[in-house]
Amino acid sequence: MGRLYLEYLEGRLYCCKYCGSHLATCDELVSKSFHSRNGKAYLFNTVVNTSPGPKEERMMTTGRHEVADLHCVSCLAVVGWKYVSAQDKSQKYKEGKYILERAKLVDVYEGYMGCMADAHIIDSDCEEALTA
């Protein structure tokens, strides 16, 4: 196995609950109106430090979608999924976007490279960044 290179983000961000790897910034948050088997889920334009699993078709509440589970590259935990394609025209806006499950995230305003070290955990869920 080669050396693991992680991308570090700045500002208010979401990190992996299990290892603290940076996953997304509040600026990339599209919607907090999604749900997963584990509860709330958030839609993002882009994420970092994740690796997609194999594509598979899933029946979801909004119809059939082709998705790929997202694994944290540091600890390999499944943290969400990527929408690859949607069959319904009204769901096409999700294609190429990412879902991160809220139960698997830590919301942080960080001033240091490590998400869990010297970081201030906040509870606001980026409310001022997005009203949805």
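Now for a description of the structure that goes with this document. Keep in mind the model is a prediction, meaning the values are calculated, not measured. (Residues numbered from 1 in each chain as written. Predicted model: local features only at pLDDT ≥ 70, side-chain atom pairs only at ≥ 80, totals over all residues. Heavy atoms only, no water.)

## Describing the pairing of strand β6 (residues 63-72)
Sheet analysis places strand β5 (residues 50-60) next to β6, joined by 9 bridges and oriented antiparallel. Across the sheet, the residue bridging to Met59 is Arg64, located in β6. Hairpin remark: β5 followed by β6, antiparallel, with 2 residues in the connecting loop. With 7 bridges joining them, β6 and strand β7 (residues 78-86) adopt antiparallel strand pairing. (Pairing = 2+ DSSP bridges. Helix = DSSP H or I, 4+ residues; strand = E, 2+ residues; numbered from the N terminus.)

## Describing the side chain of His65
Inspection of the secondary structure puts His65 in strand β6. A relative accessible area of 1% places His65 in the buried class. Here the side chain of His65 touches Thr62 through a polar contact of 3.0 Å, side chain to side chain. Every residue in contact with His65, bar those within four places of it in the chain, is listed here: Glu56, Glu57, Arg58, Met60, Tyr83, Ser85, Ala86, Gln91 and Lys94. (Buried < 20%, exposed > 50% of the residue type's maximum accessible area, 1.4 Å probe, protein only. Polar contact = N/O pair within 3.5 Å; in protein donor to acceptor, adjacent residues only side chain to side chain. Contact = heavy atoms within 4.5 Å.)

## Thoughts on the nonpolar core
Tyr14, Leu23, Phe44, Val47, Leu70, Val79 and Leu100 are the most contacted members of the largest nonpolar core, which has 15 residues in total. Counting residues per element, the ones that place at least two in this core are β1 (11-16), β2 (22-25), β4 (39-44), β6 and β8 (98-101). Formed by 8 residues, the second largest nonpolar core is a distinct cluster that contains Leu43, Met60, Trp81 and Tyr83. (Core = buried A, V, L, I, M, F, W, Y, C linked by side-chain atoms within 4.5 Å.)

## Examining the packing of aromatic side chains
Considering all chains together, one arrives at 3 aromatic pairs under this definition. Arranged with centres 5.6 Å apart and planes meeting at 75°, the rings of Tyr14 and Phe44 form a pair that is edge-to-face. Remark: Phe44 occurs in strand β4 and Tyr14 occurs in strand β1; sequence separation between them is 30 residues. Measuring from centroid to centroid gives 6.2 Å for Trp81 and Tyr83, while their planes differ by 80°, and the two rings are edge-to-face. Taken individually, Trp81 and Tyr83 each receive the classification buried, so the pair is uniform in this respect. (Phe/Tyr/Trp six-rings, centres within 6.5 Å; stacked < 30°, edge-to-face > 60°.)

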